[in-house]
Amino acid sequence: RKEVEQDPGPFNVPEGATVAFNCTYSNSASQSFFWYRQDCRKEPKLLMSVYSSGNEDGRFTAQLNRASQYISLLIRDSKLSDSATYLCVVNSRGFSGGYNKLIFGAGTRLAVHP
Amino acid sequence: ETGVTQTPRHLVMGMTNKKSLKCEQHLGHNAMYWYKQSAKKPLELMFVYSLEERVENNSVPSRFSPECPNSSHLFLHLHTLQPEDSALYLCASSHLGGQGTDTQYFGPGTRLTVL
């Protein structure tokens, strides 16, 4: 089983749509969770961290369900500029004061069309 | 954004060449990372340097040799590579200790093609 699994997509949605991405992780000791965004042929950039209580940043909402080892990202009112690959990222071990090893999912591709 | 820079941005090399990739971070971080991203595959962690000491070598072939002379600079020395080593090589940095220690910031990457 992959450590971090995502639906590869692509998700093709019209502008203004709401789209949700899901991610599951296998290591129950994971403590930190993130969504990164990667544009074509560019580097990944942090979109948002995911907190236990869920968190929102403008049109983006992230949720964490530790019991099910499940993370989600909801994008409301999609824009053309949201077209990218969204990477689910999980800390592969509990934070121990040392460095933290991040495991990246393969990404979910989103294409927003006019 | 120039927090993490990488040079060169593109590199084409033959299998017998020796080349080096360079990464520099201007964020005051104390950990640096090399990742490999092949087409349609997740990012693969290659090496981690924490406080200039290598703490992770993720079963990477010896034809890849990292070097971290100080906390701001990271190199990846390449020799006798194979065509399957063609990929995007990404450098990242983070700050260990304190809040948000997991957040890694990436450079723009070096797109490597091995002929």
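Let me sum up the structure you'll find in this document. (Residues numbered from 1 in each chain as written. Chains lettered and ligands numbered in written order. Predicted model: local features only at pLDDT ≥ 70, side-chain atom pairs only at ≥ 80, totals over all residues. Heavy atoms only, no water.)

**Observations concerning the packing of aromatic side chains**
In plain terms, the rule: Stacked, edge-to-face and tilted are the three classes for Phe, Tyr and Trp ring pairs, Trp counted by its six-membered ring, which pair at centre distances within 6.5 Å; planes under 30 degrees apart are stacked, over 60 edge-to-face, the rest tilted. Burial classes: relative accessible area under 20% of the type maximum marks a residue as buried, over 50% as exposed, and values in between as partly exposed (1.4 Å probe, protein chains only). To qualify as a helix, a DSSP run of H or I must reach at least 4 residues; to qualify as a strand, a run of E must reach at least 2; elements of each kind are numbered from the N terminus.
Going through the model one piece at a time under the given rule, you end up with 11 aromatic pairs over all chains. Taking 6.4 Å as the distance between ring centres and 65° as the angle between the ring planes, the aromatic pair formed by Phe34 of chain A and Tyr36 of chain A counts as edge-to-face. The burial state of Phe34 of chain A is the same as that of Tyr36 of chain A; both residues are buried. Plain terms: the ring middles of Tyr36 of chain A and Phe106 of chain B are 5.9 Å apart, the flat faces sit at 90° to each other, and that makes the pair edge-to-face. Of this pair, Tyr36 of chain A sits in strand β4 (residues 33-38) while Phe106 of chain B sits in strand β10 (residues 105-106), placing the two residues on different chains.

**Observations regarding the environment of Val60 of chain B**
Relative to the helices and strands, Val60 of chain B resides in the loop between β6 (53-57) and β7 (64-70). Taking the relative accessible area as the measure of exposure, Val60 of chain B reaches 17% and is therefore buried.

**Some details on the layout of surface pockets**
Let me state the cut-off plainly: A 1.4 Å probe that fits into a set of points on a 1 Å grid over the protein atoms alone but cannot get out defines a cavity; an open set with protein on both sides within 12 Å along at least five of seven lines defines a pocket, and lining residues are those with an atom within 4 Å of a point. Grid points are joined across faces, edges and corners, and a volume is the space filled by probe spheres set on the points.
Size it by volume and the largest pocket reaches roughly 730 Å³. Surrounding the largest pocket, 24 residues form its lining, Thr85 of chain A together with Gln37, Ala39, Lys40 and Lys41 of chain B being those nearest its centre. Elements represented by at least two residues in the lining of the largest pocket include exactly β9 (84-91) and β11 (108-113) of chain A together with β9 (87-94) of chain B. A total of three residues in the lining of the largest pocket trace back to one element, the largest contributor, which is β9 of chain A.

**Some points on the interface of chain A and chain B**
Which entries qualify depends on this criterion: Note on contacts: a residue pair is in contact if any heavy atoms of the two residues lie within 4.5 Å. Note: buried area is the sum, over both parts, of the accessible area (probe 1.4 Å) each one loses when the two are combined. We define a polar contact as two N or O atoms separated by no more than 3.5 Å, with the added condition that, inside protein, one atom must be a possible hydrogen donor and the other a possible acceptor, whereas residues neighbouring each other in sequence contribute only through side-chain atom pairs. Here the nonpolar group is Ala, Val, Leu, Ile, Met, Phe, Trp, Tyr, Cys and Pro; Asp, Glu, Lys and Arg are the charged ones; every other residue, Gly included, is treated as polar.
Contacts between chain A and chain B engage 22 residues on the former and 22 residues on the latter. Counting each side, the surface lost to burial between chain A and chain B is near 1,800 Å², with a carbon and sulfur contribution of 55%. There are two residue pairs in polar contact (both at pLDDT 80 or more) connecting chain A and chain B. Looking at side-chain class alone, the side of chain A that touches chain B contains 10 nonpolar, six polar and six charged residues.

**Some points on the pairing of strand β4 (residues 31-37) of chain B**
All names here are of chain B. Here is the rule: Strands were regarded as paired on the criterion that DSSP finds at least two bridges between them.
Here β4 lies mainly inside the structure; seven of its seven residues are buried. Neither face of β4 is exposed, since Ala31, Tyr33, Tyr35 and Gln37 on one face and Met32, Trp34 and Lys36 on the opposite face are all buried. Pairing of β4 with strand β5 (residues 44-50) involves six bridges; the strand directions are antiparallel. For Ala31, the partnering residue across the bridge sits in β5 and is Ser50. In this antiparallel pair of consecutive strands, β4 and β5, the connection spans six residues, and Lys40 shows a positive phi of 60°. For β4 and β9, the ladder comprises seven bridges, and the chain directions are antiparallel. Pairing of Met32 across the sheet is with Ser93, part of β9.

**Examining the state of the cysteines**
We count it as follows: Note that a disulfide, as used here, is simply two cysteine sulfur atoms within 2.5 Å.
Under the criterion given, the structure shown has two disulfides over all chains. Here Cys23 of chain A pairs with Cys88 of chain A through a disulfide, and the sulfurs are 2.0 Å apart. Measuring handedness by torsion sign, the sulfur bridge of Cys23 of chain A and Cys88 of chain A sits at about -80° and is left-handed. Remark: Cys88 of chain A occurs in strand β9 and Cys23 of chain A occurs in strand β3 (residues 19-25); sequence separation between them is 65 residues. By the burial criterion, Cys23 of chain A is buried, and Cys88 of chain A matches it. Of the cysteine sulfurs around Cys68 of chain B, a residue in no disulfide, the closest is that of Cys91 of chain B, at 9.1 Å. Residue Cys68 of chain B is classed as buried on the basis of its relative accessible area, which comes to 12%.

**What to know about the sheet that holds strand β3 (residues 18-25) of chain B**
All names here are of chain B. How we decide: Note on geometry: axes are C-alpha line fits, over the in-contact stretch for helices, and angles between N-to-C directions span 0 to 180 degrees.
Overall, antiparallel pairing links the four strands, which are arranged β1-β3-β8-β7 in an open sheet. Among the strands making up the open sheet, the edge pair consists of β1 (4-7) and β7. Mean inter-strand twist for the sheet, computed between neighbouring axes without regard to direction, equals 20°. Pairing of β1 with β3, which is carried by four bridges, proceeds in the antiparallel orientation. Bridge pairing links Val4 to Gln25 in β3.

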